[in-house]
Amino acid sequence: MTRRSSVRSTSVAAAFAALAMLVLMVGRAQPLDAQAPGPADGFNDSHFHLTNYVQQGIDVRQFLAIMGTRVGRSTLFGIPLQQQWSYGNSGDFAPTYYLQTDAPLYYYSFTDAYIAMAYRALTPAEQARFDPMITGFNPADMYGVDHIRRVLTTFPGVFSGIGEFSIHKEFVSSKVAGETASLTNPALDRILDFAAEAGLVVILHSDIDMPFAKTDAEPAYLAQMKSLLKRHPKTTIIWAHVGLGRIVHPVKASAEAAERSDTQLEIVETMLKDPALAHVSFDISWDEVAKYAVASPESIARVVRILNQYPDRFLFGTDTVAPASPAAYYAVFDMWAPVWSRLTPEASRKVRTGNYERLFDEGRRRVRAWEQAHAR
Ligand SMILES: [Zn+2]
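The structure displayed is predicted, hence computed values, not measured ones.

Side note on the packing of aromatic side chains
A full pass over the atoms with the stated rule returns 22 aromatic pairs. Aromatic pair Phe 316 and Phe 333: ring centres 5.2 Å apart, planes at 90°, arrangement edge-to-face. Taken together, the residues Phe 316 in the loop between β11 (314-315) and β12 (320-321) and Phe 333 in helix α12 (residues 326-335) connect sequence positions 17 residues apart. The pair formed by Phe 316 and Phe 333 is uniform in burial state, with each residue classed as buried. Members of the aromatic cluster, connected to one another through ring pairs, are Phe 43, Phe 48, Phe 63, Phe 130, Phe 316, Tyr 329, Tyr 330, Phe 333, Trp 336 and Trp 340. Against the face of Phe 194 rests Arg 149, its NZ or CZ located 4.8 Å from the ring centre.

Structure follows, in structure tokens:
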């Protein structure tokens, strides 16, 4: 190809790209929400990890290809913790997950710069589909909040919120180097206060209970969690996975487990009815949570009832970590099929797309305003 024809084909390609962008932008001028009820298998992803516990993952453009036209928007975050490869512990075996070694995890603040740079490399139309989140702070450090503020002033125009970050997380909390995080630590209050001031949406992971808890006992961390949430009524908080984990409230085929799961939904419903917790939403992300929801006809009926009754308070998310393929990514949404098919059109739309847009649009707007007011 001659230099000239390559220049011409480049400019033709550029013209097509501009046209495509225009079509995309005109198409997007209407929020997804306006196209109610929308395709029943489309969604926004309120919980997505681009990278894993050793800070490796997929490229944001690979993720865009996976999103295609089925996913409108997505949160974008890494994982704040890095799994150390301790030669003394696992030798030549390089762990990529926290269950694969006894070595500690430590806070890896560079994740925020990595996510910001990935976002900034995108076109404005592509950027509009993402809500990047700050995660690389230590919630047990009174200085943690300063990191968040510093990230906003270093990368203005990028972030919509903070999280997913964890306080109590089975297998993980006890492995984190340094002081163990706690729901009663004032360092966390400082972070949530600042989130209210700047308008940052918060995605907080904190298990409601200890692993393998007794079925009839009050969940270990429930009271602390509620009082934390009530101390921060002006902060928009999404409680990740409805407080569940892999072995926190496992649903088994036993009657005992079924009863347990009933209690879980009662707890959530009590919170949904509490006006002092109106600022709290719940994400139904993670395939481990989906397993509980669709475990039996009874569990499906319970989940359907609560989503239909409180459709404004739940957000779908995949909680996938650097998915290798569309199949791996969409599997989580599809696990919920027995629930989706039983929701009212309104509840389905809100949980899949509407609540995301309401919370994150507001987050974006408020954080941009805070950044303007505090520009250096
Ligand atoms: Zn997650």
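Moving on from the model shown.
Quick notes on the pattern of salt bridges
It is possible for side chains bearing opposite charge to pair when their charged atoms get close. For the structure on display, the rule yields 16 salt bridges. One salt bridge connects Asp 131 with Arg 73, and the closest N-O pair in it is separated by 3.1 Å. Here Asp 131, found in strand β6 (residues 130-134), pairs with Arg 73, found in strand β3 (residues 71-76); they are 58 residues apart in sequence, far enough to count as distant. Arg 73 shares its class with Asp 131; the two are buried. Between Arg 73 and Asp 361 there is a salt bridge; the shortest N-O distance is 2.7 Å. Of this pair, Arg 73 sits in strand β3 while Asp 361 sits in helix α14 (residues 345-373), placing them 288 residues apart in sequence. For Asp 361, a relative accessible area of 37% corresponds to the partly exposed category. Look at the salt bridges and you will find they share partners, linking Arg 73, Asp 131, Asp 361 and Arg 364 into a network.

Quick look at α12
Because the α-helix completes a turn every 3.6 residues, residues three or four places apart line up on one side. The complete set of buried residues in α12 reads Tyr 329, Tyr 330, Val 332 and Phe 333. Looking straight down α12, one finds that the buried residues subtend no more than 135° of arc, so they occupy a single side.

A look at the coordination of the zinc ion
For the zinc ion, every protein donor is listed as His 47 (NE2), His 49 (NE2), Glu 164 (OE) and Asp 319 (OD), and the spread of their distances is 2.1 to 2.2 Å. Classification of the site at the zinc ion rests on its 4 donor atoms, whose angles at the metal span 88 to 176°, yielding the label irregular. Spacing between the donor residues of the zinc ion along their common chain follows H-x1-H-x114-E-x154-D. Of the two residues, His 47 sits in the loop between β1 (43-45) and β2 (48-49) while Asp 319 sits in the loop between β11 and β12, which places them 272 residues apart along the sequence.

A short note on the pairing of strand β7 (residues 161-166)
In terms of burial, β7 is largely enclosed, as 6 of its 6 residues are buried. By the bridge criterion, 2 bridges tie β6 to β7 in an arrangement that is parallel. Paired with Met 133 across the strands is Gly 161, a residue of β7. Note: β7 against strand β8 (residues 201-205), 5 bridges, orientation parallel. When the sheet's bridge partners are listed, Ser 166 is paired in β8 with His 205. The handedness of the β7 to β8 crossover, carried by helix α7 (residues 186-198), is right-handed.

Quick look at helix α2 (residues 60-67)
Where α2 is concerned, the buried positions are Val 60, Phe 63, Leu 64, Ile 66 and Met 67. Projected down its long axis, α2 carries its buried residues within an arc of 160°, all on one side. Where the residues of α2 are buried, they touch β2, β3, α4 (110-120), α5 (124-127), β6 and α12. The backbone nitrogen of Arg 61 lies 2.9 Å from a side-chain oxygen of the residue at the head of α2, namely Asp 59. Positioned one or two residues after α2, Gly 68 has a phi angle of 50°, which is positive.

Some points on the nonpolar core
When a protein is soluble and globular, its nonpolar side chains tend to lie buried together. Within the largest apolar cluster, 84 residues are counted, with the highest numbers of intra-cluster contacts made by Phe 63, Ile 162, Phe 314 and Trp 336. Beyond its immediate sequence surroundings of up to four residues, Phe 314 is in contact with Val 268, Leu 272, Phe 282, Ile 284, Ile 306, Leu 307, Lys 350, Val 351 and Asn 355. Of all hydrophobic cores here, the second largest spans 10 residues; its members include Ile 203, Ile 238, Tyr 356 and Phe 360.

Things to note about unusual backbone geometry
Cis peptide bonds are those with omega within 30 degrees of zero, and the linkage from Gly 163 to Glu 164 qualifies with 0°. If you trace the backbone, Glu 164 turns up in strand β7. Phi is positive for His 241, close to 60°, though the residue is something other than glycine. Tracing the sequence through the fold places His 241 in the loop between β9 (237-239) and α9 (255-273).

Quick notes on the sheet that holds β3
Taken in spatial order, the 8 strands of this open sheet run β1-β3-β6-β7-β8-β9-β10-β11, and their pairing is parallel. In this open sheet, the two strands that pair with only one neighbour each are β1 and β11. The pairing of β8 with β9 spans 3 bridges and is parallel. When the sheet's bridge partners are listed, Val 202 is paired in β9 with Ile 237. Across the sheet, helix α8 (residues 222-231) touches β8, β9 and β10 (280-283), and the angle it forms with β9 is around 165°.

About the criteria used
- Residues numbered from 1 in each chain as written.
- Predicted model: local features only at pLDDT ≥ 70, side-chain atom pairs only at ≥ 80, totals over all residues.
- Heavy atoms only, no water.
- Phe/Tyr/Trp six-rings, centres within 6.5 Å; stacked < 30°, edge-to-face > 60°.
- Helix = DSSP H or I, 4+ residues; strand = E, 2+ residues; numbered from the N terminus.
- Buried < 20%, exposed > 50% of the residue type's maximum accessible area, 1.4 Å probe, protein only.
- Lys NZ or Arg CZ within 6 Å of the ring centre and 35° of its normal.
- Salt bridge = Lys/Arg side-chain N within 4 Å of Asp/Glu carboxyl O.
- Arc of directions from axis to C-beta.
- Donors = N, O, S within 2.8 Å, 3.2 Å for Na, K, Ca; no water.
- Tetrahedral: all angles 85-135°; square planar, octahedral: opposite > 155°, others 65-115°.
- Pairing = 2+ DSSP bridges.
- Right-handed = clockwise from strand over helix to strand, strands pointing away.
- Contact = heavy atoms within 4.5 Å.
- Polar contact = N/O pair within 3.5 Å; in protein donor to acceptor, adjacent residues only side chain to side chain.
- Core = buried A, V, L, I, M, F, W, Y, C linked by side-chain atoms within 4.5 Å.
- Axes fitted to C-alpha atoms, helices over the stretch in contact; angles between N-to-C directions.

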